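This is what each chain is made of:
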Amino acid sequence: MYEIDFAEFPSTSAAASGKFFERAFGWAVTPYGPDYTDVRGAGLTLGFQSAADEQTSAPLLTIRTDDLAAAREAVAAAGGVVTKEPFAFPGGRRFHFREPGGSELAVWCPDA
C-alpha cells in the first residue's frame with residue numbers, strides 16, 4: 001500500500017501558518033523550533049491539473065468540507081485571504097485562499 005501522508009509548503013512564518021490551521025480547522029500543531037511546524041488532522045488525495053489557465057504556481061492542497069460557507073468564514077476569521085471565490089466544478093464547489101505564510105490552498109465540498 002502506498003499512502004501520501006505529508007506535504008510541505010514554504011512559509012514566511014511557520015508559526016503563523018500553524019496557528020492559522022489550528023484556528024481555521026482545529027488541526028493539531030507541533031512546532032519544531034522557530035522555522036518548522038507540523039500540522040496534523042486531515043487525509044490527502046492528489047489531483048493533476050493540465051489546463052494552463054487553471055494551474056496554480058505551486059502545489060495546491062484541497063481540504064474537503066461538508067459546509068463550504070462555514071469553511072470560508074473560518075478561513076477569513078483566522079486571517080486567510082480568499083483568492084478565488086466559491087465556484088462550481090465537476091463534482092462539487094470550492095474556493096481558494098492564501099494563509100498568512102503565503103501558501104495558496106483550496107477548500108471544496110462535494111455535490112449533494
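Residues numbered from 1 in each chain as written. Predicted model: local features only at pLDDT ≥ 70, side-chain atom pairs only at ≥ 80, totals over all residues. Heavy atoms only, no water.

Draft legend 1. Region of interest: helix 2 (residues 68-77). Within helix 2 the residues assigned to the buried category are Leu68, Ala71 and Val75. Buried residues of helix 2, viewed axially, fall in a sector of 60°; they line one side. Away from the buried face of helix 2 by more than 90 degrees, exposed residues Glu73 and Ala77 are located. On its buried face, helix 2 is in contact with helix 1 (14-25), strand 4 (81-89), strand 5 (92-98) and strand 6 (104-110). Measuring from the backbone nitrogen of Ala69 back to the side-chain oxygen at the start of helix 2 gives 3.3 Å, which picks out Asp67 as the cap. Looking one or two places after helix 2, you find Gly79, whose phi comes out positive at around 100°. (Buried < 20%, exposed > 50% of the residue type's maximum accessible area, 1.4 Å probe, protein only. Helix = DSSP H or I, 4+ residues; strand = E, 2+ residues; numbered from the N terminus. Arc of directions from axis to C-beta. Contact = heavy atoms within 4.5 Å. Polar contact = N/O pair within 3.5 Å; in protein donor to acceptor, adjacent residues only side chain to side chain.)

Draft legend 2. Looking closely at helix 1. Here helix 1 contains 12 residues, and its C-alpha end-to-end distance of 17 Å stays within 8% of the 16 Å for a straight helix at 1.5 Å per residue. For helix 1, the full list of buried residues reads Ala14, Ser17, Gly18, Phe20, Phe21 and Ala24. Mapping the buried residues of helix 1 onto a view down its axis gives an arc of 155°, with all of them on the same face. Every exposed residue of helix 1 that faces more than 90 degrees away from the buried side is listed here: Lys19 and Arg23. Packing partners of the buried residues in helix 1 comprise strand 1 (28-31), strand 2 (37-40), strand 3 (62-64), helix 2, strand 5 and strand 6. Once helix 1 ends, the next one or two residues include Gly26, with phi positive near 75°. (Expected span 1.5 Å × (residues − 1).)

Draft legend 3. Examining the pairing of strand 1 more closely. Across four bridges, the pairing between strand 1 and strand 2 is antiparallel. Looking at strand 2, one finds that Thr30 is bridged to Asp38. Linking strand 1 back to strand 2 in an antiparallel pair, the connection comprises five residues, with Gly33 at a positive phi of about 90°. (Pairing = 2+ DSSP bridges.)

Draft legend 4. Structural context of the sheet that holds strand 4. Pairing is mixed in the open sheet, where four strands are placed in the order 3-6-5-4. Looking at which strands have only one partner, the edges of the open sheet turn out to be strand 3 and strand 4. Strand-to-strand, the axes of this sheet are offset by a mean angle of 20°, without reference to chain direction. Of the strand pairs in this sheet, strand 4 and strand 5 are connected by six bridges, and their pairing is antiparallel. Looking at strand 5, one finds that Val81 is bridged to Arg98. Sheet contacts for helix 2: strand 4, strand 5 and strand 6; angle to strand 5, the most-contacted strand, approximately 5°. (Axes fitted to C-alpha atoms, helices over the stretch in contact; angles between N-to-C directions.)

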